[in-house]
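# Coordinate inspection notes
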Amino acid sequence: MNESGRKKAGKSFPAFFAVLKEELSGLLDVFLPCACCLCGSPLPDSSHPRLCLACMEQIPWIKGPRCLCCALPFTDFGGEDHVCGACLQSPPPFHRVTTLGIYDGLMRQAIHQFKYNGNIHLATAFGHLLADALTTEEPSSRFDLLVPVPLHRNRLRSRTYNQSLLVAQALASRWKIPIHSRLLRRQLPTKPQQGLSLSERLRNLSGAFASSFPLQGEDVLLIDDVMTTGATVSECTSALLAAGAGRVEIAVLARARRTG
Ligand SMILES: [Zn+2]
Ligand SMILES: [Zn+2]
């Protein structure tokens, strides 16, 4: 090949790959069209959250009145949001809770897929929905730091990923806020919380979390998947405040109705 031939070939290769890449991405769109990350139904475009209309309609969002502090949904009567009896009696250490929905029906199935069945694509959908919910609830809210509730290393080893960290990463990439995934340490392995009352949960979690280093008045958004009694997020909040956090708000995917 002469010099001009080499030059031609040299110029044509990157162009060839660019065209190939474009063609392949077109083919991927044909063979792998954008799909709902929950049920797999095709979607018309790739905008977020990637959930189809049918799934969005089936998810039990919290639409009625709720506690202004812990987001407990009030199901027995209508009316305005207000602070629930439990928060009045024993004010939690966190400022407020933002949640997407009730831990029931399709929301419960979605979180199960996300946590235990490796459907990590839901993290982006959940992150976008939470960002919208947080902005709607308090448009002026600003956070210095995102902190996911940590898993104990034994549980992280068996599950291989921390679902709260994945949601935090989705929020961080949208808001450009730093995440401190190692700020909170789960220093004790705790028994599963299911079936325990609030006082039993608090006993089970007592001293379970600690902050790895001091804070200097930062406003923190603490992220967890499901909130039932609030024992976990309360313990984490206390550890963050003890480390010097200014204010702690909570963002969870779902709020379970209080059981004890
Ligand atoms: Zn769907
Ligand atoms: Zn409350």
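The residue count restarts for each chain, going from 1 along the sequence in the order it is written. To read the labels, note that chains go from A and ligands from 1, taken in the order they are written. The predicted origin of the model limits local features to residues at a pLDDT of at least 70 and limits the giving and counting of side-chain atom pairs to 80 or more, whereas totals for whole chains, interfaces and linings rest on all residues. Side-chain numbers come from the whole structure's heavy atoms, not from hydrogens or water.

### A short note on the nonpolar core
The definition of a nonpolar core used throughout is a set of buried Ala, Val, Leu, Ile, Met, Phe, Trp, Tyr and Cys residues joined through side-chain atoms within 4.5 Å. The rule is simple: take the accessible area with a 1.4 Å probe, protein chains only, and divide by the maximum for that residue type; under 20% is buried, over 50% is exposed, in between is partly exposed. Of all hydrophobic cores here, the largest spans 38 residues; its most connected members are Leu38, Leu51 and Phe126. Runs of H or I in DSSP of at least four residues are treated as helices and runs of E of at least two as strands, each being numbered from the N terminus. Listed by contribution, the elements that provide at least two residues to this core are helix H4 (105-116), helix H5 (122-137), helix H7 (163-175), strand E5 (219-227) and strand E6 (247-255). Of the residues forming this core, the biggest block, nine residues, is contributed by H5. Of all hydrophobic cores here, the second largest spans 31 residues; its members include Cys69, Phe94, Leu184 and Ala245.

### Quick look at the environment of serine 46
Structurally, serine 46 is set in the loop between helix H1 (3-31) and helix H2 (53-58). It is 9.5 Å that separates the C-alpha atoms of serine 46 and cysteine 36, two residues lying ten residues apart in sequence.

### Brief notes about the coordination of the zinc ion (ligand 1)
For the zinc ion (ligand 1), the protein coordination sphere consists of Cys36 (SG), Cys39 (SG), Cys52 (SG) and Cys55 (SG), at 2.3 to 2.4 Å. Metal-centred angles of 104 to 117° between the four donor atoms at the zinc ion (ligand 1) mark the site as tetrahedral. One chain supplies every donor for the zinc ion (ligand 1), spaced along it as C-x2-C-x12-C-x2-C. Of this pair, cysteine 36 sits in the loop between H1 and H2 while cysteine 55 sits in helix H2, and the two are 19 residues apart along the sequence. Overall, cysteine 36 belongs to the buried group, its relative accessible area being 3%. Counted as coordinating are nitrogen, oxygen and sulfur atoms within 2.8 Å of the metal, or 3.2 Å for Na, K and Ca, while water is not included, which may make sites look incomplete. Key to geometry: four donors with every angle between 85 and 135 degrees are tetrahedral; four donors are square planar and six octahedral where opposite donors lie over 155 degrees apart and all remaining angles lie between 65 and 115; all other sites are irregular.

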